[in-house]
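# Structure assessment
Each chain is listed here by its residues.
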Amino acid sequence: MKTMGRRSLVLILLAAGFFFGLGFFLRDLVLHGGFWAVQSFNGHLNGTGVAASGRVLDRGGAVLAQTKDGKRVYSPDLATRCAMLHAVGDTDGFISTSVQYNFRSELSGYSLVMGLATPTGKASGNDVTLTLDAGLCRLAREKFAGRNGLAAVCNYRTGELLCMVSTPDFDPQNPPKDLDTNKAYSGAYLNKVLSSTFTPGSVFKVVTAAAAIENITDLDSRVWNCNGSVVINGNRITDIGAYGTLHFKDALAKSSNVAFGQIAVELGSKLPAEADRMGFNRSFSLDGIPAAESVYDVKSASADQLAWSGVGQYTDMANPFHMLVLMDAAANGGTPVMPYLVKSVTSPAGLPLRVGAGETGPELIQPSTAERLKGYLRYNVTSQYGESLFPGLAVCAKTGTAEVGGGKAPNCWMMGFSSNEETPLAFVVMVENSSEGSVASAGRIASSLMTAAAKLAG
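Residues numbered from 1 in each chain as written. Predicted model: local features only at pLDDT ≥ 70, side-chain atom pairs only at ≥ 80, totals over all residues. Heavy atoms only, no water.

## Some remarks on the overall build of the chain
Assigned secondary structure in the chain consists of 15 helices and 17 strands. Buried positions account for 52% of the 458 residues belonging to the chain. Taking the contacts inside the chain whose residues are at least 6 apart along the sequence as the reference set, 65% of them involve residues at least 24 apart. Counting every atom, the chain has about 19400 Å² of accessible surface; 54% of that belongs to carbon and sulfur. (Helix = DSSP H or I, 4+ residues; strand = E, 2+ residues; numbered from the N terminus. Buried < 20%, exposed > 50% of the residue type's maximum accessible area, 1.4 Å probe, protein only. Contact = heavy atoms within 4.5 Å. Areas by Shrake-Rupley, 256 points an atom, 1.4 Å probe, with all protein chains shown as cover.)

## Considering the packing of aromatic side chains
Under the defined criterion, the tally for this structure stands at 10 aromatic pairs. Consider the rings of Phe94 and Tyr189, whose centres lie 5.3 Å apart with planes at 65 degrees: the pair is edge-to-face. A residue pair is termed long-range when its members are at least 10 positions apart, and Phe94 in the loop between helix H3 (85-88) and helix H4 (99-102) and Tyr189 in the loop between strand S6 (161-167) and helix H7 (192-195) qualify at 95 residues. According to the relative accessible area criterion, Tyr189 is partly exposed, its value standing at 26%. A ring pair is formed by Phe170 and Tyr189, whose centres lie 5.7 Å apart and whose planes are at 85 degrees; its orientation type is edge-to-face. Of this pair, Phe170 sits in the loop between S6 and H7 while Tyr189 is found in the loop between S6 and H7, placing the two residues 19 residues apart along the sequence. (Phe/Tyr/Trp six-rings, centres within 6.5 Å; stacked < 30°, edge-to-face > 60°.)

## Describing the sheet that holds strand S3 (residues 71-74)
Taken in spatial order, the six strands make up an open sheet running S3-S2-S1-S4-S13-S14, and their pairing is mixed. Each of the sheet's edge strands pairs with one partner strand only, and the pair in question is S3 and strand S14 (352-355). Going across the sheet, the axis of each strand differs from the next one's by a mean of 15 degrees, ignoring polarity. In the sheet, strand S2 (residues 63-68) pairs with S3 via four bridges, with the strands oriented antiparallel. Note that in S3 the partner of Thr67 across the bridge is Arg72. (Pairing = 2+ DSSP bridges. Axes fitted to C-alpha atoms, helices over the stretch in contact; angles between N-to-C directions.)

## Re empty space enclosed by the protein
Here the structure, examined in full by the defined rule, presents one cavity of 30 Å³ or more. By volume, the largest cavity is sized at about 40 Å³. As for the largest cavity, its lining consists of Leu64, Tyr74, Thr80, Arg81, Met84, Leu85, Val88, Gly89 and Pro172. The residue makeup of the lining of the largest cavity, split by class, is six nonpolar, two polar and one charged. (1 Å grid on protein atoms, 1.4 Å probe; cavity = no way out; pocket = protein on both sides within 12 Å on 5 of 7 lines; lining within 4 Å. Points joined across faces, edges and corners; volume = space filled by probe spheres on them. Nonpolar A, V, L, I, M, F, W, Y, C, P; charged D, E, K, R; others polar.)

## Thoughts on the layout of surface pockets
Approximately 480 Å³ is the volume found for the largest pocket. Contributing to the lining of the largest pocket are 23 residues, with Ser202, Ile240, Lys254, Ser255 and Thr401 lying nearest its centre. When contributions to the lining of the largest pocket are tallied by element, the ones reaching two or more residues are helix H14 (367-385) and strand S15 (395-402). Counting residues per element, the lining of the largest pocket draws most heavily on S15, which supplies four residues. Here the lining of the largest pocket is built from residues that sort into seven nonpolar, 11 polar and five charged.

## Side note on the nonpolar core
Ranked by size, the top nonpolar core spans 120 residues in total, and within it Phe427 and Leu449 carry the most contacts. Counting residues in hydrophobic clusters, the runner-up holds five residues, among them Leu85, Ile95, Phe170 and Leu179. (Core = buried A, V, L, I, M, F, W, Y, C linked by side-chain atoms within 4.5 Å.)

## What about the confidence of the model for the chain?
Confidence in the prediction of the chain, expressed as mean pLDDT, is 90, and 87% of residues score 70 or more. In the predicted structure, residues 29-41 sits below a pLDDT of 50 and forms 28 contacts with residues beyond four places in sequence or in another chain. (pLDDT = per-residue confidence, 0-100.)

## Some words on the pattern of salt bridges
One pass over the structure, following the stated rule, counts 14 salt bridges. Here Asp297 makes a salt bridge to Lys299, at a shortest N to O gap of 3.6 Å. (Salt bridge = Lys/Arg side-chain N within 4 Å of Asp/Glu carboxyl O.)

## Observations regarding the environment of Val56
Mapping Val56 onto the fold places it in strand S1 (residues 55-57). Through-space distance from the C-alpha of Val56 to that of Val128 is 4.9 Å; in sequence the pair is 72 residues apart. The residues touching Val56, leaving out its near neighbours within four places in the chain, are Ala62, Val63, Leu64, Ala65, Arg72, Val88, Val99, Gln100, Leu107, Val128 and Leu130.

## Considerations on unusual backbone geometry
Residue Pro168 is bonded to the preceding Thr167 through a cis peptide linkage, with omega at 10 degrees. Looking at where Pro168 falls in the secondary structure, it is placed in the loop between S6 and H7. Phi at Tyr314 is positive, roughly 55 degrees, even though this residue is not glycine. By secondary structure assignment, the location of Tyr314 is in the loop between helix H12 (303-310) and helix H13 (320-331). Phi angles above zero are rare outside glycine, and Asn433 is one such case at about 50 degrees.

## Observations concerning the packing of helix H8 (residues 205-215) against helix H10 (residues 257-267)
At a minimum axis distance of 10 Å, the contact between H8 and H10 shows a crossing angle of 55 degrees. Between H8 and H10, the angle is such that the two are oblique. The hand of the H8/H10 crossing is left-handed. Together, Lys205, Thr208, Ala209, Ala211, Ala212 and Asn215 of H8 and Asn257, Phe260, Ile263 and Leu267 of H10 make up the contact between the two elements. Of the residues belonging to the contact of H8 with H10, the class tally is six nonpolar, three polar and one charged. (Parallel < 35°, antiparallel > 145°, perpendicular 65-115°, else oblique. Left-handed = near helix turned anticlockwise from the far one by under 90°.)

## Looking at the sheet that holds S6
Taken in spatial order, the five strands make up an open sheet running S6-S5-S17-S16-S15, and their pairing is antiparallel. The sheet is open, and its two borders are formed by S6 and S15, each paired with just one other strand. Averaged over all neighbouring strand pairs, the angle between strand axes comes to 5 degrees, with direction disregarded. Across six bridges, strand S16 (residues 411-418) lies against strand S17 (residues 425-431) in antiparallel orientation. When the bridges of S17 are listed, Met415 appears paired with Val428. Lying over the sheet, helix H6 (residues 134-144) contacts strand S5 (149-155), S6 and S17, oriented at roughly 35 degrees with respect to S6.

Printed below as a string of structure tokens:
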């Protein structure tokens, strides 16, 4: 009897293990079956390396990628193929932040009932329509004129991402044979908007300004004297010139390191607290695709290092997508409408399977602070950059020139947004190693993009 009891217990345990395993398998089949089906080792199902038979389209319906005769083909226009590369992706799936990689289950048309095929045995790929405008992306790439950098534009009311371009790029239809060995293509697999971080330079002064608004009660009546440099903790914080006596709004507009270095030291621990609030040291995502974290860490910084961090140098690192979200937040009273990339997914029969929408993100800036910050950023444009850069758009913006060392020219940034209700657009542009200055390089690209995007928003 004891032997029978032990055998029964063993059988019960084996049965329990079997049903537990079966339940776990069925759960994963429901949740992840589509991704199992479209792994690269199943590429034989449609003759491609990414097993994606459906089409990718831009917001206007232009076909960016599709499968024909068992092969993945892209737009017939070379400039479009290159401009949309990092958003659409490559056939081999090396661009891991792309739509073809992250939405391969949706593109394949996979379902639990029919798998990857329709009852007729034909591929059942869905259409994935993006919020991006191919023409706007082409324009961005054209304006970079062979320089490396990035650009992104979104509608901060709806969350639609209208432009996302990263250079260098390549033709996904005909990848160059020296893609992996030619230094000109270094970083070509990387979507810099999402996956990279860069020294922010003076665009970080937006964060320092927000902290100052909230913690320095007499901010607008205070003055700082800029003779071109100031010594803090035995080290010299320098400006490109002597600006003289500066009130806060002019210190921000002229981007005075002398003034903002002193402000950073005065703020002390309140500055990293504000940086954390505004999204540093955490990751944001675009339709589930994670972006790199912006980093602000001054735990062991000396006073002079804290000063340099407050002007966007020291060890500060900023992710461009985060900077876009931050401008989105500033335009929306402190709380962003999170950008999204996929406008819709529709079946071959035209049935809507998914409709994209912008969701409210976390509050990054106190509403009263956002309102004052908007005024300061607007003053930057009217007093320094020039209204002619963004005619009729009432743009609020900040430039940044980030020193990168190694004898290289600085990276030049501009980020901002239109305060016009008719053109609710936010942008970020960065040109790598530019000797032209931020307004002349990043500003001109931003100007072209905002002017063109305003026609889409209108």
